[in-house]
Amino acid sequence: MARARPTAEARVAFGTKAETLARLTPHVRSARILPLVLFSVADWRADPSAVAARVAAQSWSATPLIVRSSARSEDSAHASGAGRYLSVANVGREALADAIGRVIASYGAAADDDQVLVQPMLSGISVSGVAFTRDPNTGSPYVVINYDDRGDPTAVTGGRADQLKTFICWKHGGGRCPAELQPILDLLSELEGHLLHDSLDVEFAVDATGLALLQVRPLIAGQRPAIKLDTQKRALQAIADRVAKGMRPHPYLSGERSLYGVMPDWNPAEIIGLRPRPLALALYRDLVTDSIWAYQRDNYGYRNLRSFPLMVHFEGLPYIDVRVSMNSFVPRDLDDGIAGRLVNYYLDRLAAVPALHDKVEFEIVFSCYTFDLPARLERLADHGFSAGDREAIAASLKRLTERIIHRDQGLWVQDSRKVRLLDERRPRILEAELDTVSRIYWLLEDCKRYGTLPFAGLARAGFIAVQLLNSMAAVGLIAPSDRDRFMLGLKTVGSRMAGDFRRLDRSAFLAEYGHLRPGTYDILSPRYDEAPDLYFDWSAPRPPEAAEKDRFALSLSQMRGIERHLAELGIDTSVTSLFDFLESAIEEREYAKFVFSRSLSDALVLLRQLGETHGYSADEMSYANIGVLHELMASSADPAELIGASIERGRERHAMTRSICLPPLIATTDDVFAFHLPATQPNFIGQKAIRAPVRDSSDPEAMCGAIVAIPSADPGFDWIFTRGIAGFVTAYGGVNSHMAIRANELGLPAVIGAGEVLFQRWAAARMLFVDCASQQVEILS
């Protein structure tokens, strides 16, 4: 973003909303400022007719007008007061006095020096939006432009995420700005120069005449990162260089380039968050993404990627190497030429439709055989795949799937047994006469061998089970309601825990489930047995036993239809064996996670104790790297010094992690510096983390201390801030919406614009954990 260098005479001081616009009018060249009439409340009270005459004397007074608030308490350096007071649009001359009265009334006890401004109403708007000249969450030097280009001037402040676009770019260059947004960047740069202020909140609109500046105020943002500009520049360039290297062809990988995403495959955004502490990141790498994931995928018949880490990190921000991931979904026996073209197709499709980054296996990749696979493979015909190619892909996936789902010889059966060994081995480690370091080491080693390794296999089997089930509904072999009844009838750990909470007393319940914690890899996330009252209301009457479920059962005609379909497709399994697999694979996947998380959770407790022994808190230990443990096992190094040095390095790196903003999908090196967010990417406001019950706006008396779920970021919801809420989530909204601004001002953690699916899930929860720094939400209960 180019920097303006105004003369001393061009220096403009902030005032009220109206005063700032009036002072900028003679100087701004990158946009126009609509003419205005400014008057004080005292002026209006003393002689409203004179004020009305001043407005009537303007050449534009016959057009529709807008009467806007301009109170002294708005737009200051300490509080924006965004949306606090009324503005009245589309006002005719005959309604002017009434509109002014309504605006002044919205001030409450209006002071004489509070103001009102009247302007011509802008019409024919094609683009409207709000821009920040710093990241409002981190204070980092990024421009954030939240805008609507569909002609709805209320979309941005009303927070309708389905209409909003968000463009983010590092202020000091390196990326490409879309041509249509360049005039806005030019305006922001000019305003920073005139106001000698580099943290601005700017409202703008575009009509047939061009760009109009509607408002500018100081941005109330988070604390600025203690990162020097040159240091951040070097870090971003290093990320761009690493991305460029990853885009090159590799002799052991199919695909001519790569992409990097936070949601595909073992999606780190969901599991450890977008900005995890170093310990959580290192644990996830060690237990899953460095090698375990590839070993098990190879075991299940896919290509051998054992020497490739699945997840990389860019200054602590975790990303999946999508080319590596997509190679790992190719059956081992598929022809190399077809495999290379298939991976290129996957990558090209995701690059063309980045909104699918969290739906790769559902919408892009063919990773198993399903009842509707032949029909789905037809779309490859438009991308150069012959009928023979498609048949080869289908045959290869069929062989792979048959091996996986086999009732007796399927690898998932062995994995299920192996998980149970972990339950037997864990007490032996905890009871042995081992030092703390050795105990942690062996808990994690066993967790890999007997926990995350078989869990990776069972997770693959569970995914295939769901795909098969969905495909039966897709081709009409069962009804969607049958699929839902099947899922409801499963006996997973989650359903068992709900029943045990009703049946067991507190101590027995916590003995079974106390190891669980919302952030599986997070040392700062309390276990159930460490903070039981945080998660469960033990004083309330236990909920009654759930009503008897409508049990799933296939009709005779459905069984015959599925049997006939299996025969036509040449799948060597019976209907009974198939449904046994569907049930067992899904249930075992959940059980495996429950078991391995016990060993991991115990290891985190011991890591906290190890830190305390050497004078380090749990918060400090969250910055350490698990590599310290390996070094302590293999050397005579001083634990306190080694841990302390690791914490210091981790803290320094995490400061950079928090200061960098990257897109959820990186396709080019330019994306490191400038990008559009996917339409439904939730916006996390601030850096705080909270655990709190969930309430909706229909129950005000229950809101105190709660996370409130509201449908949109509309100013009409301002009353919720009088209820002592802990935070809030919205279905619609943007980072620059009204409620986002209010959250920043009040220091409230919030998630704005979650989209319908996430919002409905979170709103239906009893308890949520919201970590704005890591951009992660966990359903606690």
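This structure is a prediction, so every number in the text was calculated from the model and none was measured.

Pairing is possible between side chains that carry opposite charge, provided their charged atoms lie close to one another. If you walk through the whole model with that rule in mind, you get 37 salt bridges. Here E378 and R390 are joined by a salt bridge, their closest N and O atoms 3.6 Å apart. Linking E378 in the loop between α14 (373–377) and α15 (387–405) with R390 in helix α15, this pair joins segments that are 12 residues apart in sequence. Residue R390 is classed as buried on the basis of its relative accessible area of 14%. Here the salt bridges share partners, and the residues they tie into one network are E19, R23, R72 and D113.

This next bit is on the sheet that holds strand β14 (residues 665–666). Strands in a sheet are paired, the pairing made by backbone hydrogen bonds, and the direction either parallel or antiparallel. Spatially, four strands are ordered β12-β13-β11-β14 in an open sheet, and the strand pairing comes out antiparallel. Looking at the sheet topology across the chains shown, the edges are occupied by β12 (311–314) and β14. Note: strand β11 (residues 260–261) against strand β13 (residues 317–321), two bridges, orientation antiparallel. Within β13, the position partnered with Y260 by the bridge is D321. Sitting on the sheet, helix α7 (residues 229–246) touches β11, β12 and β14, and the angle it makes with β12 is about 150 degrees.

Pairing is mixed across the open sheet formed by seven strands, whose spatial order is β1-β10-β9-β6-β7-β8-β15. One side of each edge strand has no neighbouring strand; the edge strands of this open sheet are β1 (32–33) and β15 (674–676). Pairing of strand β8 (residues 165–170) with β15 involves three bridges; the strand directions are antiparallel. Residue pairing for β15: C169 is matched across the bridge by A674. Sitting on the sheet, helix α6 (residues 182–195) is in contact with β6 (127–132), β7 (142–148), β8, β9 (200–207) and β10 (210–218), with an inclination near 40 degrees to β10.

A word on the nonpolar core. If you look at the biggest cluster of nonpolar residues, it comprises 130 residues, and the most contacted ones within it are M326, M472, Y521, I562, F581 and L582. Leave out the neighbours within four places in its chain, and Y521 touches I271, I272, A280, L283, Y284, L287, V288, F596, L600 and L604. L274, L317, M656 and L662 belong to the second-largest nonpolar core, a separate cluster that totals 30 residues.

Another aspect to go through is helix α22 (residues 556–569). Between its terminal C-alpha atoms α22 stretches 20 Å, which fits the 20 Å expected from 14 residues at 1.5 Å a residue. Those residues of α22 that sit buried are Q558, G561, I562, L566 and L569. Taken around the axis of α22, the buried residues stretch over an arc of 135 degrees, which confines them to a single face. Across from the buried face of α22, at angles greater than 90 degrees, the exposed residues are L556, S557, R560, E563, R564, A567 and E568. If you follow the buried residues of α22, they end up packed against α14, α15, α17 (436–474), α18 (480–488) and α23 (575–613).

So, about a nonpolar patch on the surface. Residues L434, W442 and M633 make up a contiguous nonpolar surface patch of about 240 Å² in total accessible area. In this fold, L434 is placed in the loop between α16 (411–431) and α17. Taking relative accessible area as the criterion, L434 reaches 32% and is therefore assigned partly exposed.

Reading guide: rules and limits
- Residues numbered from 1 in each chain as written.
- Predicted model: local features only at pLDDT ≥ 70, side-chain atom pairs only at ≥ 80, totals over all residues.
- Heavy atoms only, no water.
- Salt bridge = Lys/Arg side-chain N within 4 Å of Asp/Glu carboxyl O.
- Helix = DSSP H or I, 4+ residues; strand = E, 2+ residues; numbered from the N terminus.
- Buried < 20%, exposed > 50% of the residue type's maximum accessible area, 1.4 Å probe, protein only.
- Pairing = 2+ DSSP bridges.
- Contact = heavy atoms within 4.5 Å.
- Axes fitted to C-alpha atoms, helices over the stretch in contact; angles between N-to-C directions.
- Core = buried A, V, L, I, M, F, W, Y, C linked by side-chain atoms within 4.5 Å.
- Expected span 1.5 Å × (residues − 1).
- Arc of directions from axis to C-beta.
- Patch = residues over 30% accessible without salt bridge, like charges linked within 9 Å, V, L, I, M, F, W, Y side chains within 5 Å.
- Areas by Shrake-Rupley, 256 points an atom, 1.4 Å probe, with all protein chains shown as cover.

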